[in-house]
Structures are given as structure tokens and as C-alpha cells.
Amino acid sequence: MALCRTGSVAQHRQVTTFEIPDVRPVHRIGYGAMQLAGPGVLGPPTDPARAEAVLRRAVELGVDHIDTADFYGPWTVNELIAKALRPYPGDLLLATKIGAYRDREGAWLPLSHPDALKSQVHDNLRRLGRDVLDLVYLRHVADRPGIELADQLGALVELRDQGLVRGIGLSHVTAEQFEQAQRLTSIAAVQNAYNLLDRGSADLLERTARLGVAFVPFFPLGSGFVADSGVRDDQVVRSIAQRRGARPAQVSLAWLLRRSPNVLAIPGTSSIEHLEINVSADRVDLSDEDVAELDALVAEGTAAEQAR
Ligand SMILES: NC(=O)c1ccc[n+]([C@@H]2O[C@H](COP(=O)([O-])OP(=O)(O)OC[C@H]3O[C@@H](n4cnc5c(N)ncnc54)[C@H](OP(=O)(O)O)[C@@H]3O)[C@@H](O)[C@H]2O)c1
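Residues numbered from 1 in each chain as written. Predicted model: local features only at pLDDT ≥ 70, side-chain atom pairs only at ≥ 80, totals over all residues. Heavy atoms only, no water.

### Description of the overall build of the protein chain
Within the protein chain, the regular secondary structure consists of twelve helices and eleven strands. Relative to a compact globule of 308 residues, whose C-alpha radius of gyration would be 19 Å, the protein chain shows 18 Å and is just as compact. Along the three orthogonal principal directions, the C-alpha set of the protein chain runs to about 55 × 50 × 35 Å. For the protein chain, with 308 residues in total, the buried portion stands at 56%. Residue pairs in contact within the protein chain that sit at least 24 positions apart in sequence constitute 75% of those at least 6 positions apart. Only carbon and sulfur atoms are counted for the fraction: they give 50% of the accessible area of the protein chain, which is about 12900 Å². Here the protein chain contributes 33 positively and 40 negatively charged side chains, and the mean placements of these two sets differ by 3 Å. (Helix = DSSP H or I, 4+ residues; strand = E, 2+ residues; numbered from the N terminus. Rg over C-alpha atoms; globule rule 2.2 N^0.38 Å. Buried < 20%, exposed > 50% of the residue type's maximum accessible area, 1.4 Å probe, protein only. Contact = heavy atoms within 4.5 Å. Areas by Shrake-Rupley, 256 points an atom, 1.4 Å probe, with all protein chains shown as cover. Lys, Arg positive; Asp, Glu negative; His and termini not counted. Charge placed at Lys NZ, Arg CZ, Asp CG, Glu CD.)

### What about the pairing of strand S5 (residues 93-98)?
Of all six residues in S5, six are buried; the element is thus mostly enclosed. Here strand S4 (residues 65-67) runs beside S5; their pairing, made up of three bridges, is parallel. Directly across from Asp-67, in S5, lies its bridge partner Ala-95. Once the chain exits S4 it traverses helix H3 (residues 76-85) before rejoining the sheet at S5, and the crossover so formed is right-handed. In this structure, S5 lies alongside strand S8 (residues 133-138), joined through four bridges in parallel fashion. Bridging across to S8, Thr-96 finds its partner in Val-136. (Pairing = 2+ DSSP bridges. Right-handed = clockwise from strand over helix to strand, strands pointing away.)

### Considering H3
The element H3 is largely enclosed, with a buried count of eight among its ten residues. Listed as buried for H3 are Thr-76, Val-77, Asn-78, Leu-80, Ile-81, Ala-82, Ala-84 and Leu-85.

### Concerning a nonpolar patch on the surface
Together, Trp-108, Phe-225 and Val-226 line one region of the surface with nonpolar side chains, adding up to about 280 Å² of accessible area. Along the chain, Trp-108 turns up in strand S7 (residues 108-110). Trp-108 sits in the partly exposed class, given a relative accessible area of 35%. (Patch = residues over 30% accessible without salt bridge, like charges linked within 9 Å, V, L, I, M, F, W, Y side chains within 5 Å. Salt bridge = Lys/Arg side-chain N within 4 Å of Asp/Glu carboxyl O.)

### Thoughts on the site of the ligand
Surveying the vicinity of the ligand reveals 28 residues, the closest of which are Asp-67, Leu-221, Thr-269, Ser-270 and His-274. With respect to the ligand, the side chain of Arg-139 contributes an N or O atom lying 3.0 Å from an oxygen atom. Within the contact set of the ligand, an oxygen atom lies 2.5 Å away from a side-chain nitrogen or oxygen of His-274. Here the shell around the ligand gets three residues from one element, more than from any other, and that element is helix H10 (residues 272-279). Here the shell around the ligand is built from residues that sort into eleven nonpolar, 13 polar and four charged. (Near = heavy atom within 4 Å. Polar contact = N/O pair within 3.5 Å; in protein donor to acceptor, adjacent residues only side chain to side chain. Nonpolar A, V, L, I, M, F, W, Y, C, P; charged D, E, K, R; others polar.)

Written out as C-alpha cells, the structure reads:
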């Protein structure tokens, strides 16, 4: 029997959704599964049972959008997802990424030739136990001589036409690359780094919003790769959290959701407690003054805002 959604958060929170073009509507707070791998996103989790419990709790709480990749572990996270959640709830969107691999030392390297992209789609289908991948992000766009965006997208369009992929997304792209891709085919979503203290993709956020394309910021809480993320520990964030009776992570996520209706948050965590906090972030009611204070943490037009 498929897992039921019985969590009280799902019953009470004011849920808002966004319809990802070519895919389906999802709740605006999802879950990023990268933190479930071992340290450095390598190998199995230190406590596999806990990692599976996090995934099951996410579904119970109403999370219907999980972000993953075969190169988390590698393979471990997709295997965990399949083990914990199959048979999948019918409305669960699994988004994966292709175009990269890890070497023995754990380096993140491109694997972006169109033929390699096709194999990676088949690998993800097999490992996740899906007949179709809901959303596939191309992680390395035209990154080397001889690799053209048109050919990479051509490979994905072929798979979409075969019914193996629903939506095509892009990750780590510039606004120019996004526009070039949009001229070649329909793009469902863009996944770039973006959070309270990193507004480097602000321009892209605006462009995707105008076109109704989903914008899925990674590192929404400032990243799991650094112990002191800045975002979760920022004094302004902390004092607003105190005023609102909320947690700093919730304030950071609530601010992201206020930026634009096409923003879909995928906070990452390996903890059930943090997961429960994060999925309730849409209950935090930021005032216009709160938002203005948070907006001002990074001045518009600064190097951070412009860097893409
Ligand atoms: N496209 C790409 O290239 C790319 C790159 C990076 C990430 N991603 C995706 O984006 C997702 C999110 O990124 P991320 O996980 O690196 O960073 P993140 O969501 O910004 O932050 C995760 C970190 O925040 C901590 N955390 C989570 N909830 C918390 C809470 N309520 N209170 C305090 N700390 C909390 C986590 O620790 P605990 O585990 O202890 O909770 C973890 O260290 C990933 O899972 C992945 O799916 C994509």
C-alpha cells in the first residue's frame, strides 16, 4: 500500500502551490534529499534507518516534491528514496539532476555529453524505480568545447517525446543560457543557488517569474556544506524569528516564498525535527517591515546581486 499523508502539519498549514510547466502543481515547500548521504555527500548515511524515517515523515507531512540526484552518495540517496517510499504516493514529484558524476575522491565532475545524459536518465529511472522522471535538471550546460546546449537539450527532448521525462530543468545557468534554452524548447524549472545572503540569481528569478517557470533555489538555508551558514545565524533573521515566535530557518524560507510565487523551496536536512520545522515555514507571517529588513541584508546592485 502507498504511504498515507497523515501529518498534522499537512492538515493545518495554509498550503500554496505552484504549477510546474509540463509537470504538475506542487506545494511550495518541498524537500532536498542531498543531506541524507554520508559526510561530504559521499557514501551511505551514518544512520540509514533515520534517513529512511526522514523521507517517510516528509511524505506524511504533505511534502510532494523531493529533489535528488544519482550523484548524491553516489547512488545512495536515490536508493534510499526507493527503499523508503516505494510504492510512491501518486502525487509525489521526484526531481533529479543529470550531467555530473563523482570520482573516487568525491570531486564533482561534468558528464555532459548528450549520450551520457541519456544513460543517466535511464540510470535514474532504474534506481528510483520509476517509469517516468517528473523533472530532470541538466546540471552542466554546454560546459566544454564540443558540447552544445542544443544537442544536450535535443537528447532530453527525445526522452521527453518518448514519455520517459516530463519536465526539463536547468541548474547552474546564467540568464543568457536560460533564454537560449527557452528558444530551443520548453523549460519547466531553473535550480540555482539563491538565499537571503546570496542574490546572485535575482535576475534569473525575475525572468522565470515572468514566464511562469519554476525557480527552485538550492542552498535555501545557506548550504549544508558550511557549519555556520550565515543565513540561519544572521542577527536580523534571529531577531525577526524571535518576534514572530518562529525559527530562523522558517524566517529564511518564508522570505524566499515571499520573493515570488514561482519559488519552490527544497530545504535539505537529515533531521526529522528540522524537517518538521521547515515544512511549517509557510505558516510564518512576515510583516512588510520584516520583509524590508530581510531584503536590505544584501543591497540591490551589490556584487553579490550581480554575480551570476
Ligand atoms: N543543483 C545543484 O547543484 C545543487 C547544489 C546543492 C544542493 N542542491 C539541492 O538543494 C537542496 C538544499 O541544499 P542543501 O541541503 O545543501 O542546503 P540548505 O537547505 O541551504 O541547508 C541545509 C543545512 O541546513 C541545516 N538545517 C536544515 N534545516 C534546519 C533547521 N530547521 N534549523 C537549523 N539547521 C537546519 C541542515 O542540517 P541538518 O541536517 O542537521 O538539519 C544542513 O546542514 C539539497 O538537498 C539538494 O537537493 C542542488
